[in-house]
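Here is what each chain is made of, one letter per residue.
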Amino acid sequence: MKTMRLTTPITISHKAYAKRLEKLGIVTLQDFLLHLPHRYDDFSIVTTIAASPIGTVVTVQGRIMAIKNVYTRNHKKIQQAEVDDGTGILEIVWFNQPFIIKTLKVGDVISVGGRIEGNMIRKKIISPVYELLHQNSEPIHTGRLVPVYPETAGVSSKWLRRQIYRLLTESSQELVDFLPEGMQKELQYMQLPAAIRYVHFPENLDQAQKAKERLAFDEVFFVQLSAIQRRNEWRKDKTGFLFEEEKFSKAMNDLKKSLPFSLTKSQQRAIEEIFVNVSSGKPMNRLLEGDVGSGKTIVAAFVIYLSFLSGYQSVLMAPTEILAQQHFATIKKFLEPQGMKIVLQTGSKKNIKNESIFDILIGTHAVLSENIKFNKLGLVVIDEQQRFGVEQRSIIRQKGKNPHLLTMTATPIPRTVALTLYGDLDVSYLDEMPKGRKEIKTWLVPATKRSGAYQWIAKRIHDGDQVFIICPFIEESESMTTVKAATKEFERLQRDIFPTFRLAMLHGKMKAKEKDTILETFRSHEYDILIATPVVEVGIDIPNATVMVIEGAERFGLAGLHQLRGRVGRGEKQSFCLLFAQTKSPQTFVRLKALETLHIGATLAEMDLKFRGSGELYGTQQHGKQWLKIASFSETALIEKAKQAANKLFPHLREYPLLSKKLVQQSKQFISPD
Ligand code: ADP
Ligand code: MG
């Protein structure tokens, strides 16, 4: 094969493997190099057959004296070989790998790695790793620390190792460090070409670790750089509409007084933070994060009101018609008395003709429709931002001239993560609930109390309540295996536990219409219990459902569990969440216990970071991609370091063309929420 550039797509270089490699995130040749080992097998002790101690893992090199297939009594094929290295004979056995006798021939010199068994007279290795030794090339599967990679069907570590080794040999001149030398030295990181080589083929574990640290830094560093870049672009040459906060402070106070409740501290803080932005002369780009029920809408109402007083129109966009209607009702209640003209535009309502007839337009994506013209759009509020596409967000922004943007979300993203991923955004948190809100009473139920719990549930159903039972997902994304498990649980509950109750089932493999029908029927109380996989709609609102049972709770992150339990407690009644775990590990116990006392999503998301790292962090895999592969969001020191470095370098980016180019390539991968 002729040498290819690292940017070559694998559809060209490895056509037959392309589909499988894509599963591992390998799309171009250079992705092989960033497919990092998850461990190393230690075959680094290279010794002679005579000197190899029984019971230790070693590498031995010698000539094949004999090799053959042998049939065992139960008709299995094994492969037997004898290797001579001049100091002794080593017997080798493989199981059911008949192709080996085609690749290894008598006379070949091979290197084998494995545990020495047998006795001093007759030593053997069972199922060793092996490779032919060629002149002028070093062994890569034996005789060293050998990288073991995440694999997929048809793509083994051994195969990956070969591809990666070849790339490292043939394309090494393409690997250049893009980090300015001064900075790389100052940060005391390994150089990039060395880091890539040693992360795959290290001389020792310490070196492997150092190599990985350098690559982790790069990963976070680029996330930070592109965030700074987006932030800069957002602000560059743009003037933001000036909302006159001071002039209207009395009006704001009057609005506060007109509310039937007093604002929470965090609502007040969020409003202040927003006001600083909108009176700064630069367009705002802020994310408001808070659990369902934390009162995000009223925060938005204050800015909308200030926008109106300052002479601008606003638009409030919600992902569903029901939510748009809810917002309409809320905004109307609080802002109509202030003299604002409030209009609802959803798919089912006809066109708005006159552009100046509203001060605030509330709606679904219908507010994006062509024939809606804004007169003086000063503020765009987007609810549940992750459900809108990037494209829709940019359309809505183009409708005005750099209007202020406020996006609201209930997805619990920890601060550290928000600062890393959304470094271009300002973030406000509503991390407390309005007073008097009933918390969802949560219990981690021990296995011994399961039947008692079922009795308690039955009693609640007799009293007229409804119940969700969430079956754990078995694989990361919902598959037929998960659906089958849920079906089985459904049948068990119906037959053995709740024969007299009406049970329904809901899972992600159902058609949207089918799901809607089941939810509607459940809502109208034709079922008592809904058994569902975790993929049940986040937005479902069934006030009469007061009990949430979660099976296999240990499989979820705390933030994920919190989102699930948030599906009860929508009505007046006290609601409950029962957690069952299948493991008894003390760590699981401590972790899940936290849900009994903590009721704020962002706090729980922070705990997830501590307990499990970022791999399973709720909300970070929304686009089907993992944000960080090498580094972890829990590495706050690293994140801080990378951030400082990025800030320091950004103003001088032009002096580093290599870095700038790399940034352009990488930026495409990092989707910003705006
Ligand atoms: P979310 O953050 O889920 O969008 P909403 O804005 O819909 O929450 O608020 C949920 C409910 O709480 C609404 O009925 C709202 O009027 C009420 N609410 C908001 N803030 C407060 C508060 N400070 N005290 C009491 N109730 C509040
Ligand atoms: Mg809301």
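Preceding this paragraph is the structure being described.
Just so we're clear, the structure is a prediction, and the values are computed from it rather than from any experiment.

## With respect to empty space enclosed by the protein
If a probe the size of a water molecule is rolled over the atoms, the empty space left behind becomes visible. Going through the model one piece at a time under the given rule, you end up with four cavities of 30 Å³ or more. A volume near 60 Å³ is recorded for the second largest cavity. Elements with a contribution of two residues or more to the lining of the second largest cavity: strand E11 (285–290), strand E17 (426–430) and helix H20 (601–612). Residues of the lining of the second largest cavity, tallied by class, amount to six nonpolar, two polar and three charged.

## Brief notes about the nonpolar core
If you look at the biggest cluster of nonpolar residues, it comprises 67 residues, and the most contacted ones within it are Phe32, Leu160, Phe217, Phe221 and Leu225. For this core, the leading source of residues is helix H8 (residues 205–235), giving ten residues. With residues up to four places along the chain from it excluded, the contact list for Leu225 reads Ala646, Phe650, Leu653, Leu659 and Leu663. One finds Met284, Phe302, Ile342 and Val381 within the second-largest nonpolar core, a separate group that totals 42 residues.

## Re the pattern of salt bridges
In this structure the tally under the stated criterion is 25 salt bridges. A salt bridge links Arg450 to Glu551, with the nearest nitrogen and oxygen atoms 2.8 Å apart. Placement of Arg450 in helix H15 (residues 450–462) and of Glu551 in the loop between strand E22 (545–550) and helix H18 (558–565) is noted, with a sequence separation of 101 residues between them. With relative accessibility at 24%, the residue Arg450 sits in the partly exposed group. A salt bridge links Glu596 to Lys593; the shortest N-O distance between them is 3.2 Å. Highlighted residues: Glu596 and Lys593, both in helix H19 (residues 586–597), separated by three residues, approximately one helical turn. Under the relative-accessibility criterion, Glu596 is labelled partly exposed at 24%. Judged by its relative accessible area of 30%, Lys593 is partly exposed.

## Some details on helix H5 (residues 157–170)
Note: α-helices contain 3.6 residues per turn, so residues at a spacing of three or four share the same orientation. The terminal C-alpha atoms of H5 lie 20 Å apart, and with 14 residues this matches the ideal 20 Å at 1.5 Å per residue to within 8%. Along H5, the residues classified as buried are Ser157, Trp159, Leu160, Arg161, Gln163, Ile164, Tyr165, Leu167 and Leu168. Its buried side turned inward, H5 meets helix H2 (18–23), helix H3 (29–33), strand E10 (145–148) and helix H7 (192–200).

## A few points about the packing of aromatic side chains
Within the structure shown, the criterion is met by 19 aromatic pairs. Ring centres of Phe32 and Trp159 lie 6.2 Å apart, and the angle between their planes is 55°; this geometry places the pair in the tilted category. Of this pair, Phe32 sits in helix H3 while Trp159 sits in helix H5, and the two are 127 residues apart along the sequence. Using a relative accessible area of 0% as the deciding quantity, one classes Phe32 as buried.

## Focus: the site of ligand 1
Every one of the 14 residues lining ligand 1 counts as a neighbour, but Gln267, Gly293, Lys296, Thr297 and Arg437 are closest to it. Side-chain polar atom of Lys296 to an oxygen atom of ligand 1: 2.9 Å apart, as the coordinates give it. A distance of 2.7 Å is found between an oxygen atom of ligand 1 and a side-chain nitrogen or oxygen belonging to Thr297. Surface burial for ligand 1 is 72%, taken as the share of its 570 Å² of free accessible area covered by protein chains. When its residues are assigned to classes, the shell around ligand 1 shows four nonpolar, seven polar and three charged.

## Concerning helix H11 (residues 296–309)
In this model H11 runs 20 Å from its N-terminal to its C-terminal C-alpha over 14 residues, within 8% of the 20 Å that 1.5 Å per residue would give. Counting buried positions over the 14 residues of H11 gives twelve, a clear majority of the element. Those residues of H11 that fall on the buried side of the exposure criterion are Lys296, Thr297, Ile298, Val299, Ala300, Ala301, Phe302, Val303, Ile304, Tyr305, Leu306 and Ser307. Gly311 sits one or two residues past H11 and shows a positive phi near 100°.

## Focus: the pairing of strand E16 (residues 404–409)
The buried count for E16 comes to six of six residues, which makes it a mostly enclosed element. Judged from the five bridges that link them, E11 and E16 form a sheet pairing that is parallel. Each residue of the ladder has a partner; that of Asn285, found in E16, is Leu405. Pairing between strand E15 (residues 377–383) and E16: five bridges, direction parallel. Across the sheet, residue Val381 finds its bridge partner in E16, namely Leu406.

## Some words on the sheet that holds strand E21 (residues 529–532)
If you walk across this open sheet you meet the six strands as E18-E23-E22-E19-E21-E20, and the pairing is parallel. Looking at which strands have only one partner, the edges of the open sheet turn out to be strand E18 (441–444) and strand E20 (503–506). Adjacent strand axes in the sheet meet at a mean angle of 15°, parallel and antiparallel pairs treated alike. With five bridges joining them, strand E19 (residues 466–470) and E22 adopt parallel strand pairing. Within the sheet, the bridge partner assigned to Val467 lies in E22 and is Val547. In this fold helix H16 (residues 480–497) packs onto E19, E20 and E21, with an angle of close to 175° to the strand it touches most, E20.

Rules used in this analysis
- Residues numbered from 1 in each chain as written.
- Chains lettered and ligands numbered in written order.
- Predicted model: local features only at pLDDT ≥ 70, side-chain atom pairs only at ≥ 80, totals over all residues.
- Heavy atoms only, no water.
- 1 Å grid on protein atoms, 1.4 Å probe; cavity = no way out; pocket = protein on both sides within 12 Å on 5 of 7 lines; lining within 4 Å.
- Points joined across faces, edges and corners; volume = space filled by probe spheres on them.
- Helix = DSSP H or I, 4+ residues; strand = E, 2+ residues; numbered from the N terminus.
- Nonpolar A, V, L, I, M, F, W, Y, C, P; charged D, E, K, R; others polar.
- Core = buried A, V, L, I, M, F, W, Y, C linked by side-chain atoms within 4.5 Å.
- Buried < 20%, exposed > 50% of the residue type's maximum accessible area, 1.4 Å probe, protein only.
- Contact = heavy atoms within 4.5 Å.
- Salt bridge = Lys/Arg side-chain N within 4 Å of Asp/Glu carboxyl O.
- Expected span 1.5 Å × (residues − 1).
- Phe/Tyr/Trp six-rings, centres within 6.5 Å; stacked < 30°, edge-to-face > 60°.
- Near = heavy atom within 4 Å.
- Polar contact = N/O pair within 3.5 Å; in protein donor to acceptor, adjacent residues only side chain to side chain.
- Areas by Shrake-Rupley, 256 points an atom, 1.4 Å probe, with all protein chains shown as cover.
- Pairing = 2+ DSSP bridges.
- Axes fitted to C-alpha atoms, helices over the stretch in contact; angles between N-to-C directions.

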